[in-house]
Amino acid sequence: MRLTWKDALATVVAGTNIAIYVAFTQGVDVPFIDSVRGAAGAILLLGIVGGCALSSVGEEYMGRGGPYLHLASALGSIALITGGLVLIAGSELALALLFYATIALWLMATIRHVLSPSKTETPR
């Protein structure tokens, strides 16, 4: 399968998440992302746009629980739970888990799109 404009946009979102997390960990004095909750809010918002809004599960994944779907669901749950936790408690560990889960989801989806056969290809 070829990468689409959605993959390109998701990559830009993932890069922005990386920039936000690095800026936070380096202590850069940037409004909104200089706090744990602010950085988490930005990563969550970008995750909703870059992950949830742009994602689609292919027909081959509907109706069966393959390992990809199980892992993606687990990572999504981790991101959601730790995102809520960091917003409530202000935990830097929860922020790290949110960030890494989000980047792992982007990486998994991109690799799946690259390795999946195109819809126009016929299996032999």
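Residues numbered from 1 in each chain as written. Predicted model: local features only at pLDDT ≥ 70, side-chain atom pairs only at ≥ 80, totals over all residues. Heavy atoms only, no water.

Colleague: Honestly, unusual backbone geometry in this entry has me stumped. Any pointers?
Modeller: Among all residues save glycine, negative phi is the norm, and among peptide bonds the norm is trans. Not every positive phi belongs to a glycine, and F32 is a case in point at roughly 80°. With relative accessibility at 55%, the residue F32 sits in the exposed group. (Buried < 20%, exposed > 50% of the residue type's maximum accessible area, 1.4 Å probe, protein only.)

Colleague: What's the story with helix α4 (residues 92-115) in this structure? I'm lost.
Modeller: Spacing of three or four residues puts side chains on the same side of an α-helix, whose turn is 3.6 residues. Its 24 residues place the ends of α4 35 Å apart at the C-alpha level, agreeing with the 34 Å of an ideal helix rising 1.5 Å per residue. For α4, every residue scored as buried is listed here: A94, L95, A96, L98, F99, A101, T102, I103, M108, T110, R112 and H113. The opening residue of α4, the one whose side-chain oxygen lies 3.3 Å from the backbone nitrogen of L93, is S91. (Helix = DSSP H or I, 4+ residues; strand = E, 2+ residues; numbered from the N terminus. Expected span 1.5 Å × (residues − 1). Polar contact = N/O pair within 3.5 Å; in protein donor to acceptor, adjacent residues only side chain to side chain.)

Colleague: Would you mind going over the nonpolar core with me for this structure?
Modeller: For soluble globular proteins, the rule of thumb is that nonpolar side chains tend to be buried together. Ranked by size, the top nonpolar core spans 23 residues in total, and within it I20, Y21, I43, V86, L95 and L98 carry the most contacts. Where this core is concerned, the elements lending two or more residues are α1 (5-25), α2 (36-53), α3 (67-89) and α4. Among the elements that make up this core, the one with the highest residue count is α4 (8 residues). If near-sequence neighbours (up to four positions away) are discounted, V86 is found in contact with V36, R37, A40, S91, A94, L95 and L98. (Core = buried A, V, L, I, M, F, W, Y, C linked by side-chain atoms within 4.5 Å. Contact = heavy atoms within 4.5 Å.)

Colleague: Would you take a moment to explain α1 for this structure?
Modeller: In this model α1 runs 30 Å from its N-terminal to its C-terminal C-alpha over 21 residues, within 8% of the 30 Å that 1.5 Å per residue would give. The complete set of buried residues in α1 reads D7, A10, V13, A14, N17, I20, Y21, A23 and F24. Two residues or fewer after α1 comes G27, characterised by a positive phi angle close to 75°.

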